[in-house]
Amino acid sequence: MSRPIPYRFRLYVAGEAENSSRALANLQAICRTCLGGRHAIEIVDVFKEPARCLADRVFMTPTLVRLEPAPVRTIVGTLSDTDAVLRVLGLTASAV
Amino acid sequence: MPRLSPVSKRAAPARTKAATGIPGLDKITDGGIPRGRTSLVIGGPGSGKTIFAMRFLVVGAESLGEPGIFVAFEESVDRLVVNMDGFGWNVGALVPDGICFVDAQPAPDLIQSGTFDLDGMLAALEGLARRMGAKRIVFDALDIVLALLPDAAAQRREVYRLHAWLAANELTAIITAKASAPETEGKTTGHPFSFMQFMVDCAVLLNHSVVLGVSQRSLRIQKYRGSGFNENESPFVIGKNGLDVAISRMLGRSDSEATSERVSSGVARLDTMLGGGYYRAAAILITGFPGTAKTTLSGAFAESACRRGERTLFVSFDSDGVEIVRNLASVGIRLAPYVKSGLLQMISARTITGSAETLLVRIKALAHDHRAQCLVIDPVSVLAQTGNELTAHGVAERLIDWTKADNITLMCTSLLDEMSSSAQTTTPLHVSTLADTWIHLNYLVQAGERNRGLAIIKSRGTAHSNQVRELILSADGVTLADIYTAGGEVVMGTLRWEKERSQRAAAEGAEVASKLKRVRLDAEEAELQVRLKSLHTELVAKQVERTLLAHTTENNAQESSRGRTRIRELRGADLPKRAARK
């Protein structure tokens, strides 16, 4: 616990669409098991903020962006492949 | 979820098609791609998909007041804009109100976990489309994003999502996707995204193949719901104005007006043979072996056209323009002044390589730029060079079709195979069947000489001489000489000259002989006259002699009678009988 919130994520979702809901659920589960609450998730709904999607060049939903720690990483999809997501985020299931 | 946008419905019958701005394609499809629907453009790498799609947006934004969105999955927007400037479309000036680019390239470090959908993109685009009032949209290289989807079901789902979104927003869309060559040959199965072809309302296949080292491009409309279209492959080229699709005359297109105006061939006697010259806008074919003065005859035509003040384009695939001007000057055809004045443009196309279609497009562009009224292509047979055999005939047809439509008098020469023995072989392009006037030049080998013979094989709509004439090139120009038939064989060159000379000699001889005879007769007559005179003199002499004789005889008689009387008187015996005396 070097910093108060070392993990900051942004998740782009398409309203209540199935893929987006699953991605949010998967992300929350991973964060719970691996990060123990040391994280913040910002949710952007593309239907509500289409201009922002365009500006951020997000075209596929759901899209997860890890803003911190640097570098910025982007994962597209429902985040159903937990191992892959952890690898990208530099985490392991045991690193609680 | 996609929502219906409040775009007013304007599905009037005349507005069911959206022009693509591609010459030829709009004609093939009778107006363009289906308005408010989705069209798919499939082709291999470098087949012209992006240019096709970009032209669609440029023409919409520039001329039709239909702004558009370009969604680029494959190329960066900056590079796209720069690339398109090469076609003279100032795409940059149309951004952002006419054309809005959306860079949707997946980030190179993008990681994927599980399935995803395109809702984000569609939501973003919907907002953009509404803001700029877009009517057209292009998804360039949609296959890139589809390939990221984990399975075929997900791919299909996203394509249907896209389709539904496009329909709801009443956007006329072009989706481009890559396909390798075999798929574009009409096979619809096996292609990873073949279901797209079933879904869309119009599918255009762009094919790019290499035949014997020559690039050949063709375009085919695979399907077009609710419209008739030309189902055949149409060759196209990527020229300086983008795609240029070749079209032949379609049924129903009205014929260009036929004129009865004649234009001179540049050789006075040939005009006479043709009953006054070529028709304007006719296609004239000159065939012959190498060196039979095909170019010279073309040059004579060009010179006479320039003399009439008609803009002329001379395309040579054999030699440089300056060489032709110099060479033709040696036979009294002076093109140099017209080249200088700009009336005549000489194009050396010796170095131009490429498909027949490319050559045609280039010639068309040159003729258009020059505003040519007369066009010479020397020789047109290069169109059928290696690799172009299949397409060349179609190109020749379109060449003639185009010149007629534009009222250009076309003269093309065609080289015949040297080994061919027949004097009237058909040309490889079958131009001979299309041409209005076909002049054949031939060598006649006789008595150790090769002489050029000219014959009009056909000339539609004009009376024409059936006679083979000898074509004579001299420093004074091109002339046609009568040829002699001697013993059933045509006589040309030196033999003709000899024949002419001997005839001249014979005529002279006959004249001399008759003169001689007249002289002799005169002499005889004169002699007779002389004899007549002398005889007359003799006659007079004889008459005189006879008179004298009579006179003498009478005198004698009188003398003797007088003597007898005297004697009687002297004797005094008898009386003179008075009555006995006269």
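Residues numbered from 1 in each chain as written. Chains lettered and ligands numbered in written order. Predicted model: local features only at pLDDT ≥ 70, side-chain atom pairs only at ≥ 80, totals over all residues.

Engineer: Would you take a moment to explain the interface of chain A and chain B for this structure?
Structural biologist: For an interface, size is often stated in terms of accessible area lost upon the parts coming together. Contacts between the two partners involve 30 residues from chain A and, on the opposite side, 23 residues from chain B. Looking at side-chain class alone, the side of chain A that touches chain B contains 19 nonpolar, eight polar and three charged residues. (Contact = placed C-beta atoms within 7 Å. Nonpolar A, V, L, I, M, F, W, Y, C, P; charged D, E, K, R; others polar.)

Engineer: In this structure, what is going on with the nonpolar core? I would like to understand it.
Structural biologist: It is characteristic of soluble globular proteins that their nonpolar side chains tend to be buried jointly. Residue and element names in this part refer to chain B. Counting residues in hydrophobic clusters, the biggest one holds 169 residues, and the most contacted among them are Ile 69, Val 71 and Val 102. No other element matches helix H2 (residues 49-62), which puts eight residues into this core. Both domains that furnish three or more residues to this core are identified here as domain 1 (13-245) and domain 2 (262-482). (Core = buried A, V, L, I, M, F, W, Y, C linked by C-beta atoms within 7 Å. Buried ≥ 20, exposed ≤ 12 C-beta atoms within 10 Å, placed from the backbone. Helix = DSSP H or I, 4+ residues; strand = E, 2+ residues; numbered from the N terminus. Domains from an automatic or database assignment.)

Engineer: I would appreciate a short explanation of helix H14 (residues 356-370) of chain B in the present structure.
Structural biologist: One turn of an α-helix holds 3.6 residues; hence residues three or four places apart share an orientation. Residue and element names in this part refer to chain B. Taking 1.5 Å per residue as the helical rise, H14 with its 15 residues ought to reach 21 Å, and the 21 Å between its terminal C-alpha atoms agrees with that figure. Turning to H14, its buried residues are Ala 356, Glu 357, Thr 358, Leu 359, Leu 360, Val 361, Ile 363 and Ala 367. Just downstream of H14 lies Arg 371, where phi reads positive at about 50°. (Expected span 1.5 Å × (residues − 1).)

Engineer: I keep staring at the sheet that holds strand E4 (residues 73-76) of chain A and nothing clicks. Help me out?
Structural biologist: By way of backbone hydrogen bonds, the strands of a sheet pair with one another, either parallel or antiparallel. With respect to topology, five strands assemble into an open sheet ordered E2(A)-E1(A)-E3(A)-E4(A)-E6(B), the strand pairing being mixed. Strands at the two margins of the open sheet, each flanked by one partner only, are strand E2 (39-45) of chain A together with strand E6 (111-112) of chain B. In terms of strand pairing, E4(A) meets E6(B) through two bridges, oriented parallel. Paired with A:Val76 across the strands is B:Gln112, a residue of E6(B). Against the sheet, helix H1 (residues 18-35) of chain A makes contact with strand E1 (7-13), E2 and strand E3 (63-68) of chain A, and its axis sits at roughly 170° relative to E1(A), the strand it touches most. (Pairing = 2+ DSSP bridges. Axes fitted to C-alpha atoms, helices over the stretch in contact; angles between N-to-C directions.)

Engineer: What exactly am I supposed to notice about helix H11 (residues 294-307) of chain B here?
Structural biologist: All names here are of chain B. For H11, with 14 residues, the first-to-last C-alpha span of 20 Å sits near the 20 Å given by 1.5 Å per residue. Counting buried positions along H11 gives 13 out of 14 residues, so the element sits mostly inside the fold. Among the residues trailing H11, Gly 309 stands out with phi positive, at a value near 85°.

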